[in-house]
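If you want the building blocks of each chain, they are given just below.
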Amino acid sequence: MRCFLLLSLVAVFLMLTGCAALTGTKTASLPQITDRFAEAMRWKDWHGAARFVEPEQRDAFLEQFKEDPDLHVVDSHIRNIQPGAEEGIAEVVYLLKYYRLPSTRIDEWIWTQQWRQQSSRFYEEGVWLISNPPPPLPWAP
């Protein structure tokens with residue numbers, strides 16, 4: 001009986017500490033966040049990628065990235081992350097490799113992004129968002 005009680009207490013303790021780890025208030029690191037952005041871009045999830053852009057810049061982002069069946073993304077990744085002089089600022093170089101039918105030539109588009117850590121009422125560390133609009137796209141009409 002004592003063994004059963006002890007095992008039950010251990011099981012409850014492990015479940016509670018596991019739940020606490022899932023509900024922590026820490027945000028993901030900037031490299032993890034930028035990788036999520038690049039993954040959304042890779043799969044042409046423009047609205048998902050727009051969540052990583054400051055609200056003031058989202059319309060400009062979504063205006064450029066519209067559904068285009070001729071656009072095929074070949075690769076999407078972060079080339080470089082450079083911390084800024086101030087805390088909570090970073091410069092990120094993003095690369096998109098693509099081809100747009102009828103061409104089969106792979107082209108590159110580079111966006112030097114300014115990421116800023118924004119304060120948040122949900123996360124003690126704040127959230128990282130892109131603060132500058134994307135440069136013009138080469139395939140835009």
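Presented here is an overview of the structure given in this document. Please read these numbers as outputs of a predicted model, since none were measured by experiment.

### Remarks on the overall build of the protein
Within the protein, the regular secondary structure consists of four helices and four strands. Sequence separation of at least 24 residues holds for 51% of the intrachain contacts in the protein that already meet a minimum separation of 6. With an accessible surface of roughly 9,400 Å², the protein has 58% of that area assigned to carbon and sulfur atoms.

### A closer look at the sheet that holds strand β4 (residues 127-130)
In spatial order, the strands read β1-β2-β3-β4; together these four strands make up an open sheet with antiparallel pairing. Every other strand in the sheet has two partners, leaving β1 (71-83) and β4 as the edge strands with one partner each. The mean angle between the axes of side-by-side strands here comes to 30°, regardless of whether they run parallel or antiparallel. With 10 bridges connecting them, strand β2 (residues 89-100) and strand β3 (residues 107-118) associate as antiparallel partners. Paired with Leu95 across the two strands is Ile110, which belongs to β3. This element, helix α2 (residues 30-42), spans β1, β2, β3 and β4 of the sheet and lies at about 165° to β1.

### Section: unusual backbone geometry
Cis geometry is adopted by the peptide bond preceding Pro102, which originates at Leu101 and carries an omega value of 15°. By secondary structure assignment, the location of Pro102 is in the loop between β2 and β3. Unlike most non-glycine residues, Lys44 shows phi in positive territory, near 55°. Tracing the backbone shows Lys44 in the loop between α2 and α3 (46-50).

### Considering α2
With 13 residues, α2 ought to run about 18 Å at 1.5 Å a step, and its terminal C-alpha atoms sit 18 Å apart, in line with that. Of the residues making up α2, those classed as buried are Leu30, Ile33, Thr34, Phe37, Ala38, Ala40 and Met41. Taken around the axis of α2, the buried residues stretch over an arc of 160°, which confines them to a single face. Along its buried surface, α2 packs onto α3, α4 (55-64), β1, β2, β3 and β4. Taken from the residues just after α2, Lys44 is the one with a positive phi, measuring 55°.

Calculation criteria
Residues numbered from 1 in each chain as written. Predicted model: local features only at pLDDT ≥ 70, side-chain atom pairs only at ≥ 80, totals over all residues. Heavy atoms only, no water. Helix = DSSP H or I, 4+ residues; strand = E, 2+ residues; numbered from the N terminus. Contact = heavy atoms within 4.5 Å. Areas by Shrake-Rupley, 256 points an atom, 1.4 Å probe, with all protein chains shown as cover. Pairing = 2+ DSSP bridges. Axes fitted to C-alpha atoms, helices over the stretch in contact; angles between N-to-C directions. Expected span 1.5 Å × (residues − 1). Buried < 20%, exposed > 50% of the residue type's maximum accessible area, 1.4 Å probe, protein only. Arc of directions from axis to C-beta.

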